[in-house]
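Residues per chain, in single letters:
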Amino acid sequence: MAHARKALRDFGPLLKLDEVSATDYDAVVLPGGHGPVVDLFQDAYLGRLLVEADRAGKIIGAVCHGPAALLSAVDERGGWIFSGRRMAAFTDEEERLFGTADNAPWLLASRLREMGARHEHGAPYQAFTIQDAHLFTGQNPASSAPMADAINTAPAAG
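Just so it is clear, the model here is predicted, and its values are computed rather than measured.

Asker: Now, about the pattern of salt bridges: what can you tell me, with residues and values included?
Answerer: This model, assessed by the stated rule, comprises eight salt bridges. The residue Lys6 makes a salt bridge to Asp10 at a minimum N-O spacing of 2.4 Å. In this pair, Lys6 and Asp10 both sit in helix α1 (residues 2-11), four residues apart, roughly one turn of the helix.

Asker: I'd like a description of the layout of surface pockets, backed by residues and values.
Answerer: Empty space within the largest pocket amounts to approximately 300 Å³. In terms of lining, the largest pocket is formed by 13 residues, of which the most central are Leu17, Val28, Val29, Leu30 and Leu49. Residue assignment for the lining of the largest pocket shows that the elements contributing at least two residues are β1 (27-30) and α3 (44-55). No other element matches the four residues that β1 contributes to the lining of the largest pocket.

Asker: How would you explain a nonpolar patch on the surface if you had to name every residue and give the values?
Answerer: The grouping of Leu97, Phe98 and Tyr125 at the surface amounts to a nonpolar patch, some 330 Å² of accessible area in total. Structurally, Tyr125 can be placed in the loop between β4 (118-119) and β5 (129-132). Given a relative accessible area of 32%, Tyr125 falls into the partly exposed group.

Asker: How would you sum up the sheet that holds β5? Please name residues and give values.
Answerer: Backbone-to-backbone hydrogen bonds pair the strands of a sheet. The strands run either parallel or antiparallel. If you trace the four strands from one edge of the open sheet to the other, you get β1-β2-β6-β5, paired in mixed fashion. In the strand order of this sheet, the two ends are held by β1 and β5, each with one partner. Within the sheet, the average angular offset between the axes of one strand and its neighbour, ignoring direction, is 10 degrees. Pairing of β1 with strand β2 (residues 59-63), which is carried by four bridges, proceeds in the parallel orientation. Residue pairing across strands places Ala27 opposite Ile59, the latter belonging to β2. Its contacts with the sheet place α3 against β1 and β2, and it is angled at close to 135 degrees to β1. Running over the sheet, helix α6 (residues 144-153) touches β1, β2, β5 and β6 (135-138) and is turned about 175 degrees from β2.

Asker: How would you explain the pairing of β2 if you had to name every residue and give the values?
Answerer: Extensive coverage of β2 is indicated by the burial of five of its five residues. Neither face of β2 is exposed, since Ile59, Gly61 and Val63 on one face and Ile60 and Ala62 on the opposite face are all buried. In the sheet, β2 pairs with β6 via four bridges, with the strands oriented parallel. Bridged to Ala62 within β6 is Thr137.

Asker: Would you mind going over the packing of aromatic side chains in detail, with residue names and values included?
Answerer: Applying the stated criterion to the full structure yields three aromatic pairs. With 5.1 Å between their ring centres and 70 degrees between their planes, Phe41 and Trp106 make a pair best called edge-to-face. Highlighted residues: Phe41 in the loop between α2 (35-38) and α3 and Trp106 in the loop between α4 (92-98) and α5 (108-114), separated in sequence by 65 residues. Grouping residues by exposure puts Phe41 and Trp106 together as buried. Between Phe90 and Tyr125, the ring centres sit 6.0 Å apart and the planes meet at 75 degrees, which makes this aromatic pair edge-to-face. Of this pair, Phe90 sits in the loop between β3 (86-87) and α4 while Tyr125 sits in the loop between β4 and β5; the two residues are 35 residues apart in sequence, bridging distant segments of the chain. One Lys or Arg, Arg111, reaches over the ring of Trp106 and ends 4.4 Å from the middle of that ring.

Asker: Tell me about unusual backbone geometry, residues and numbers included.
Answerer: Of note in this structure, Cys64 is not a glycine but carries a positive phi near 60 degrees. Residue Ala133 is not a glycine yet carries a positive backbone phi of 55 degrees. By the secondary structure assignment, Ala133 is in the loop between β5 and β6.

Definitions and limits used
Residues numbered from 1 in each chain as written. Predicted model: local features only at pLDDT ≥ 70, side-chain atom pairs only at ≥ 80, totals over all residues. Heavy atoms only, no water. Salt bridge = Lys/Arg side-chain N within 4 Å of Asp/Glu carboxyl O. Helix = DSSP H or I, 4+ residues; strand = E, 2+ residues; numbered from the N terminus. 1 Å grid on protein atoms, 1.4 Å probe; cavity = no way out; pocket = protein on both sides within 12 Å on 5 of 7 lines; lining within 4 Å. Points joined across faces, edges and corners; volume = space filled by probe spheres on them. Patch = residues over 30% accessible without salt bridge, like charges linked within 9 Å, V, L, I, M, F, W, Y side chains within 5 Å. Areas by Shrake-Rupley, 256 points an atom, 1.4 Å probe, with all protein chains shown as cover. Buried < 20%, exposed > 50% of the residue type's maximum accessible area, 1.4 Å probe, protein only. Pairing = 2+ DSSP bridges. Axes fitted to C-alpha atoms, helices over the stretch in contact; angles between N-to-C directions. Contact = heavy atoms within 4.5 Å. Phe/Tyr/Trp six-rings, centres within 6.5 Å; stacked < 30°, edge-to-face > 60°. Lys NZ or Arg CZ within 6 Å of the ring centre and 35° of its normal.

Here it is, written out as structure tokens:
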């Protein structure tokens, strides 16, 4: 609780996604954890933000289970905007090795492939990142720093 209070004191109140515009940011980065698999994958406000950011050529990053949140990015015709794109995410094998596959609502890498992503992966729990235009993704926690380095050295959208 002390960390949360400090963060709110240092950075200000939480923002509501329905009030956030991609025009105010150089990048949208989605961290991992199982949260995106539970709720962000279907959050319409996040989906709108991601569509806006993608159309503007803004950097979009997602690591570990964060790519689940990319599933929310559906265009006006109901199509997933990241279909056909190369990406990394926590693999089904890593989910099984971690012991969470049996209780997961669905397996991330399989769902991304079902939706049309070109999911690629490295060895379990080893750093592996993919850049597809302005979309940066990392497979697992070990991929966080390499993905951040790639984002930090990428040119911002004009």
